[in-house]
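# Structural overview
Chain by chain, the residues:
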Amino acid sequence: MMAIVALALFFLALLYFGFVRMRTLLAYFQQEEYDPARFLIAWRTIRLFDVMASVALIIGFVLVFLNIWPSGAMVLMALVLALIAERERGYTFKKSLTMTPRATRLFRLALGLAGLVSLIVLIWPVTSILVIQALPIELVIANAILKPGEDRRNQAYIDEASEKLAAFKGIRIGVTGSFGKTSVKHILGQLLTLDAPVFYSRGSINTVLGLTRHIRQRLQPAHKYFIAEMGAYQKGSIAKLADFVKPGIGIITAVGEAHLERFGTLADTAMAKAELADYVCAHGRLVVVTEAVAALEPFARLRAAHPDKFVICGAGDSCDVRLVSSELTEAGRKLSIALGDKRIELVSPLLGAYNDLNICLCLAVIDAVAPDILPFVPAAAAELEQVPHRLEKRESVTGPLVLDDAYNANEAGMREALAVARALADQRGGRAVIVTPGIVELGARHAEVHAELGTLAGATSDIVHIVNPDRIRSFVRGAQAAKHARVATHASLVAARKALAEDSLDTKDVILYANDLPDVLEEKRIL
């Protein structure tokens, strides 16, 4: 009788453990956008396979097989499983699990599969080790079973959004680029409201499904402008988005190394971004690019074939929209911009110098679609909302100035953020402090770029807090070699924040949060 009770307790504890562990795995699976290949890579690289529970079970079953207090060993294993599950329930994620209808369906089916597999434990308890290790696979299998239905459901939503978009009679604008596209979307959206209502998605929504949800829920007949951010996750991504949105105007902000891990070379990245220009040259009226982008193939070829459809922005004398001067002041960034024979002087609260060209790109579009509002742009520019997490300035009465650059994960942006942090700290007479896990998607240049950024961070900052140093060893070495800043390393952002509290920072100091990687890149958990 005691053996049966012990086995029952063990089975119930195993089910509870499976319930908690499946939620943990689902949180990571959701961060990987339900992509099985990416999830399985994360499973390997950040150790989403079980360690603690399996070790405890192995020890427990050795006691059972040696007939050393077998019923007691089963109860002890049940207690250990329950304690591990309780500890895991307390895990915090930067991007919390959102139980959307899809996530709920997936969770229920995966739990059902896990429950069926777990029944074998009632016959052979030792198989519980394999049952635990199989949980990630059951999640992937459940996703595969549900995928046809999810695809049909998503296509129905896309069809509904397409019908609503087809009825839209206003001006459609597409924005893409290796970086800067979210900022341009927000800046342009705010400035164009001087003319008429504008539809654009908040945040970094840049996929067909993401746009679909916003179109279905928010697009109204009163909107005159529709601005769509377009992300490139592989070749053809932007072409697919362009076919969906059908933009008459295309903006390409930059072609840089932010996506080398996806595309391999800068030339391939340029080809992917040029899919928007291809579409607009064939079906639309205007392509707005920086002079750096215009010099790249295939943009140079497209411009030669469609010279009347291109507007070039930059500091060069031949640019259609020319950045004449830029200066960082305590009030913000003071800009002078020439549009042909028109001159616009404005002060922007957007601190990064990379936003100078972003504003130029926006003014080029405004000059084409609503030139009458140009005289009012300086007043509106002074009131621009900072784009969340992109060098966002957060003042505090009692603490240091915070520069939240969590979403600006590219090399050029990080260099500029470091320069701004140093300049503001000098203006305030305080220290510049950086907290960073480095940047991502650099491919073969990962170590090289991080070595350069680490050296720059060490030379321009007073304190450098590095998150997950094992991922960016060259950054750590570079920062330490500069011999200017105090360098500290931390396993997670939570640990870095605790260390910040010990730095005794005051109102003169500036803290820069440079990038904020998702959980799948920040740290390796021991499950």
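Bear in mind the structure is a predicted one, so any value in this text is a computation, not a measurement.

### Quick word on the overall build of the protein chain
Within the protein chain, the secondary structure is distributed over 21 helices and 15 strands. Each of the three principal axes of the protein chain carries a C-alpha extent, and together these read 95 × 60 × 40 Å. Out of the 527 residues belonging to the protein chain, those deemed buried represent 53%. Accessible surface, the protein chain: about 23,000 Å² in total, of which carbon and sulfur atoms supply 59%. Here the protein chain carries 57 positive and 54 negative side-chain charges, and the mean point of each set is 5 Å from the other.

### Some points on the sheet that holds strand β7 (residues 321-329)
Taking strand neighbours across the sheet as the criterion, the nine strands line up as β2-β3-β1-β4-β5-β6-β7-β8-β9 in an open arrangement whose pairing is mixed. Both outer strands of the open sheet, β2 (198-200) and β9 (342-348), are each paired with one neighbouring strand and no more. On average, adjacent strands in this sheet sit at an angle of 20 degrees to one another, irrespective of strand direction. As defined by bridge partners, strand β5 (residues 286-290) adjoins strand β6 (residues 310-314) across four bridges and the pair is classed as parallel. Note on β6: the bridge partner recorded for threonine 290 is cysteine 313.

### Points about the pairing of strand β11 (residues 401-405)
Where burial is concerned, most of β11 is hidden: five out of the five residues are buried. Residues Leu401, Leu403 and Asp405 point to one face of β11 and Val402 and Asp404 to the other, with burial holding for every one of them. Relative to β11, strand β10 (residues 392-394) runs antiparallel, the two sharing three bridges. Within β11, the position partnered with lysine 393 by the bridge is leucine 403.

### Thoughts on the sheet that holds β11
Strand order in the open sheet made by the six strands is β10-β11-β15-β12-β13-β14, with mixed pairing throughout. Either end of the sheet is taken by a strand with one partner, and the two such strands are β10 and β14 (486-490). Across the sheet, the mean angle separating the axes of adjacent strands is 15 degrees when strand polarity is ignored. Packed on one face of the sheet, helix α17 (residues 411-428) meets β11, β12 (432-436) and β15 (510-514) and runs near 170 degrees to β15.

### Some points on the pattern of salt bridges
Tallying each qualifying case throughout the model produces 26 salt bridges. Residue lysine 342 is joined to aspartate 367 by a salt bridge in which the shortest nitrogen-to-oxygen separation is 3.4 Å. Remark: aspartate 367 occurs in helix α15 (residues 354-369) and lysine 342 occurs in strand β9; sequence separation between them is 25 residues. Since its relative accessible area comes to 35%, lysine 342 is described here as partly exposed. Note that arginine 415 and glutamate 411 form a salt bridge whose closest N and O atoms lie 3.1 Å from each other. Of this pair, arginine 415 and glutamate 411 are both found in helix α17, four residues apart, which corresponds to roughly one turn of the helix. Its relative accessible area of 17% is what places glutamate 411 among the buried residues.

### With respect to the environment of alanine 368
By the element assignment, alanine 368 lies in helix α15. On the basis of relative accessible area, alanine 368 is assigned to the partly exposed category, the value being 30%. When the C-alpha positions of alanine 368 and arginine 285 are compared, they lie 9.9 Å apart, and in sequence the two are 83 residues distant. When neighbours within four sequence positions are excluded, alanine 368 is seen to be in contact with Arg285 and Leu286.

### With respect to the packing of helix α1 (residues 2-31) against helix α2 (residues 36-45)
At a closest axis distance of 9 Å, the pairing of α1 and α2 adopts a crossing angle of 125 degrees. Comparing the axis directions of α1 and α2 gives the class oblique. Handedness of the α1/α2 crossing: right-handed. Where α1 approaches α2, its residues Leu25, Tyr28, Phe29 and Gln31 are matched on the opposing element by Pro36, Arg38 and Phe39.

### Details of the packing of helix α10 (residues 237-245) against helix α12 (residues 266-283)
Where α10 meets α12, the axes come as close as 7 Å, and the angle between the chain directions of the two elements is 30 degrees. Taken together, the axis directions place α10 and α12 in an arrangement best described as roughly parallel. Relative to α12, the crossing made by α10 is right-handed. Along the contact surface, α10 presents Ser237, Ile238, Ala239, Ala242 and Asp243, while α12 presents Ala272, Lys273, Glu275, Leu276 and Tyr279. Looking at the contact of α10 with α12 residue by residue, the classes come out as six nonpolar, one polar and three charged.

### Considerations on the confidence of the model for the protein chain
Predicted confidence across the protein chain gives a mean pLDDT of 90, with 96% of residues reaching 70 or more. The least confident element of the protein chain is helix α21 (residues 519-522), whose mean pLDDT is 54; the most confident is strand β4 (residues 249-252), at 98.

### Topic: helix α20 (residues 493-501)
Within α20, burial applies to Leu493, Ala496, Ala499 and Leu500. The arc that holds every buried residue of α20, seen down its axis, measures 115 degrees, which confines them to one face. Along α20, exposed side chains directed more than 90 degrees from the buried face belong to Lys498 and Ala501.

### Focus on the packing of aromatic side chains
Evaluated as defined, the whole model comprises eight aromatic pairs. Their ring planes at 85 degrees and their centres at 6.0 Å tell us that phenylalanine 10 and phenylalanine 61 sit as a pair that is edge-to-face. Of this pair, phenylalanine 10 sits in helix α1 while phenylalanine 61 sits in helix α3 (residues 52-65), placing them 51 residues apart in sequence. According to the relative accessible area criterion, phenylalanine 10 is buried, its value standing at 0%.

### Some remarks on empty space enclosed by the protein
Scanning the entire structure with this criterion turns up one cavity of 30 Å³ or more. Empty space within the largest cavity amounts to approximately 40 Å³. In terms of lining residues, the largest cavity is bounded by Leu350, Leu351, Asn355, Gln386, Val387, Arg390 and Leu391. Here the lining of the largest cavity is built from residues that sort into four nonpolar, two polar and one charged.

Scoring rules and cut-offs
Residues numbered from 1 in each chain as written. Predicted model: local features only at pLDDT ≥ 70, side-chain atom pairs only at ≥ 80, totals over all residues. Heavy atoms only, no water. Helix = DSSP H or I, 4+ residues; strand = E, 2+ residues; numbered from the N terminus. Buried < 20%, exposed > 50% of the residue type's maximum accessible area, 1.4 Å probe, protein only. Areas by Shrake-Rupley, 256 points an atom, 1.4 Å probe, with all protein chains shown as cover. Lys, Arg positive; Asp, Glu negative; His and termini not counted. Charge placed at Lys NZ, Arg CZ, Asp CG, Glu CD. Pairing = 2+ DSSP bridges. Axes fitted to C-alpha atoms, helices over the stretch in contact; angles between N-to-C directions. Contact = heavy atoms within 4.5 Å. Salt bridge = Lys/Arg side-chain N within 4 Å of Asp/Glu carboxyl O. Parallel < 35°, antiparallel > 145°, perpendicular 65-115°, else oblique. Left-handed = near helix turned anticlockwise from the far one by under 90°. Nonpolar A, V, L, I, M, F, W, Y, C, P; charged D, E, K, R; others polar. pLDDT = per-residue confidence, 0-100. Arc of directions from axis to C-beta. Phe/Tyr/Trp six-rings, centres within 6.5 Å; stacked < 30°, edge-to-face > 60°. 1 Å grid on protein atoms, 1.4 Å probe; cavity = no way out; pocket = protein on both sides within 12 Å on 5 of 7 lines; lining within 4 Å. Points joined across faces, edges and corners; volume = space filled by probe spheres on them.

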